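These are the residues of each chain, in order.
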Amino acid sequence: MHFCFSHLRFYCIIESIIYFINNSRNSCEFFEERMFVMDTIMEAVKLIENNQAEKGIQLLGDYLSKANDDEKYTIAELYRQWGHLQDARLILEDLLKRYPDESDLKTSLADIFIELEEDEPAITLLNEIEKDDTAYIQALIQLADLYQAQGLFEVSEQKLLTAKQLAPGEVVIDFAL
């Protein structure tokens, strides 16, 4: 689900090739559409970098409805980086409805809740991440940080000790303990 922005063009090309193999009709239209949306995202980034933030944000908003789910995730991450937390939140909440087991969505959305000082929804999302998930240790560390900020030092320590048992070599956990 999570794609680095620098790999978005490659992803669009691969997606188009797969579509072409599966559907010989309209494959060129599909390829052009994917490239157009990807180019739009890149153009929005350039606008932001050139101090034209309002135009860049508007461009992303206009093309959000045409983006696929991976591109929506990329747009949400860009919104988050640029401080448009409510816009990012709306996109991620929509994606989480469609992908309720996707831990990247949960951790990203939890980060936004934390930045918005909405700890309870963040805690709820992080507690939903299963023990066998690769994001579980990250969730434990985030939970420990949240509980410590709330003054619940024993709960925080328990989360860190659990993380330490699962990842004994993780330096971040040692530092937090």
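Counting starts from 1 at the beginning of each chain's written sequence and moves along it residue by residue. Under the rules for a predicted model, residues below a pLDDT of 70 receive no local features and side-chain atom pairs below 80 are neither given nor counted, while totals for whole chains, interfaces and linings still include all residues. Computation of side-chain values: all heavy atoms of the structure, hydrogens and water removed.

Whenever I open this one, the packing of helix H7 (residues 119-127) against helix H8 (residues 136-149) confuses me. Can you help?
For any two helices packed against each other, the geometry is given by the interaxial angle and the distance between the axes. Only the stretch in contact is used when fitting a helix axis, every axis being a line fitted to C-alpha atoms; angles between N-to-C directions are given from 0 to 180 degrees. Helix and strand labels come from DSSP, where a helix needs a run of H or I of at least four residues and a strand needs a run of E of at least two; each type is numbered from the N terminus. The geometry of H7 relative to H8 is characterised by a closest axis approach of 10 Å and an angle of 150° between their N-to-C directions. When the axis of H7 is compared with that of H8, the two are roughly antiparallel. Between H7 and H8 lies a crossing whose hand is left-handed. Mapping the contact onto sequence places Asp 119, Ala 122, Ile 123, Leu 126 and Asn 127 in H7 and Ala 139, Gln 142, Leu 143, Leu 146 and Tyr 147 in H8. For the contact of H7 with H8, the per-class residue count stands at seven nonpolar, two polar and one charged. Put simply, angles under 35 degrees are roughly parallel, angles over 145 are roughly antiparallel, angles from 65 to 115 are roughly perpendicular, and the rest are oblique. If you view the pair so one helix is near and one far, a crossing is left-handed when the near helix is turned anticlockwise from the far one by less than a right angle, and right-handed when it is turned clockwise. Any two residues having at least one pair of non-hydrogen atoms within 4.5 Å are treated as being in contact. Amino acids are sorted into nonpolar (Ala, Val, Leu, Ile, Met, Phe, Trp, Tyr, Cys and Pro), charged (Asp, Glu, Lys and Arg) and polar (every other residue, Gly among them).

Just checking my understanding: could you explain the packing of helix H3 (residues 53-63) against helix H4 (residues 69-81) for this structure?
Contact pair H3 / H4: the axes reach a minimum separation of 11 Å and the direction vectors enclose 155°. With respect to each other, H3 and H4 are oriented roughly antiparallel. You can see that H3 and H4 cross each other, and the crossing is left-handed. Two secondary-structure elements touch here, H3 through Ile 57, Leu 60 and Gly 61 and H4 through Ile 75, Leu 78 and Tyr 79. Along the lines of polarity and charge, the residues of the contact of H3 with H4 split into five nonpolar, one polar and no charged.

What exactly am I supposed to notice about the environment of Gln 165 here?
By the secondary structure assignment, Gln 165 is in helix H9 (residues 153-166). Taking the C-alpha atoms as reference points, Gln 165 and Ile 137, 28 residues apart in sequence, are found 10.0 Å from one another.

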